[in-house]
Amino acid sequence: MSVAEKYNRMSAVYDLMESPMEFFYYSKWRKEALSNLRGMVLEVGVGTGKNLKYYPEDCSVIGIDNSEGMLEKARKRAEGMKNVTLLLMDAEHLEFPENSFDYVITTFVLCSIPDPVKALKEMYRVLKPDGEMINLEHMRSNNPLIAAYEDFINPISVALTGINVNRRTVENIGKAGFKIKDVKNLAFKDVFRKIRSKP
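Participant: Whenever I open this one, helix H4 (residues 116–126) confuses me. Can you help?
Facilitator: One turn of the α-helix equals 3.6 residues, which is why residues spaced by three or four share an orientation. When we look at burial in H4, the residues that qualify are Pro 116, Val 117, Ala 119, Leu 120, Glu 122, Met 123 and Val 126. Contacts made by the buried residues of H4 are with strand E1 (40–44), strand E4 (101–107), strand E5 (127–138) and helix H6 (169–175).

Structure below.
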């Protein structure tokens, strides 16, 4: 089963699955990361659209996802938002010209894209030279005990949901050519991090 098929299957209960983390952590992080953006914004992996309410109205936001089930949920959240466009699209093959966006955003997405470096290279391509990428992501910890646990459970997580819990996301961002400006640890030591990068 492909990752998109797994997310189609999960879409009906996805928000419920995430609700504890959303309540205690995610909503606060989303608001802090997104509320002051402007210009053209690409959100890769828009999911059920939980970021959409945090974007300023004067942003022009394009959200993409490769799961039609998740996009159906996002479209309901986007009703009445004239600055939001939602598209079915593969992150590894972005259908936009280069230098199109002021910001590229991912939130808890790079864990499930089959080839994250390929997708990040596409994000690099479509980001303007003076643009910025912002990522809220969970990843492999630098703490040996936490990392060992992540490595142990990763095969189960991938089989059930398509989510990798032990990706080296900061390294992958660098491999795609980005210059990392800032990495902020958010929760569970360094499992959840906010990363800001420039082309």
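Participant: How do you make sense of the pairing of strand E7 (residues 192–198) when you look at a structure like this?
Facilitator: In terms of residue burial, E7 counts as a mostly covered element, since 5 of its 7 residues are buried. Relative to E7, E5 is paired through 6 bridges, and the arrangement is antiparallel. Bridge pairing links His 138 to Phe 192 in E7.

Participant: Please explain the pattern of salt bridges as it appears in this structure.
Facilitator: Side-chain pairs of opposite charge can arise where the charged atoms are in close proximity. By the definition in use, this model includes 13 salt bridges. In this structure, the salt-bridge partner of Arg 77 is Asp 15, at a minimum N-O distance of 3.1 Å. Here Arg 77 is found in helix H3 (residues 68–77), whereas its partner Asp 15 is found in helix H2 (residues 14–34), with 62 residues between them in sequence. The salt bridge involving Glu 132 is made with Arg 196; its shortest N-O contact spans 3.0 Å. A residue pair is termed long-range when its members are at least 10 positions apart, and Glu 132 in strand E5 and Arg 196 in strand E7 qualify at 64 residues. Residues participating in the shared-partner salt-bridge network are Asp 15, Glu 18, Glu 22, Arg 30, Lys 50 and Arg 77.

Participant: What is the right way to look at the side chain of Arg 193 in this model?
Facilitator: Among the secondary structure elements, Arg 193 is positioned in strand E7. Here the side chain of Arg 193 touches Asp 190 through a polar contact of 2.6 Å, landing on its backbone oxygen. When sequence neighbours within four positions are dropped, the list of residues in contact with Arg 193 reads Asn 135, Leu 136, Glu 137, Met 139, Arg 140, Ser 141, Asn 142, Val 170, Val 183, Lys 184, Asn 185 and Leu 186.

Participant: Explain the side chain of Arg 30 here, please?
Facilitator: By secondary structure assignment, the location of Arg 30 is in helix H2. With sequence-adjacent residues up to four places away left out, Arg 30 is seen in contact with Glu 18, Glu 22, Lys 50, Asn 51, Tyr 54, Thr 107, Phe 108 and Leu 136.

Calculation notes
- Within every chain, residues take consecutive numbers counted from 1 along the sequence as written.
- For a predicted model such as this one, the threshold for reporting local features is a pLDDT of at least 70, and the threshold for listing and counting side-chain atom pairs is 80 or more; totals across whole chains, interfaces and linings nevertheless cover every residue.
- Excluding hydrogens and water, the side-chain figures rest on all heavy atoms present in the structure.
- Partly exposed residues are those whose accessible area sits between 20% and 50% of the maximum for their type, while under 20% is buried and over 50% is exposed, using a 1.4 Å probe and protein chains only.
- Secondary structure elements follow DSSP: runs of H or I no shorter than four residues count as helices, runs of E no shorter than two count as strands, and numbering proceeds from the N terminus.
- Contact between two residues is taken to exist if any of their heavy atoms lie within 4.5 Å; hydrogens are not considered.
- What makes two strands pair is DSSP finding at least two bridges between them.
- Take a side-chain nitrogen of Lys or Arg and a carboxyl oxygen of Asp or Glu: if they are within 4 Å of each other, that pair is a salt bridge.
- Polar contact is defined as a pair of N or O atoms within 3.5 Å, subject to the rule that within protein one atom must be able to donate a hydrogen and the other to accept it, and that residues adjacent in sequence are counted only when both atoms are side-chain atoms.

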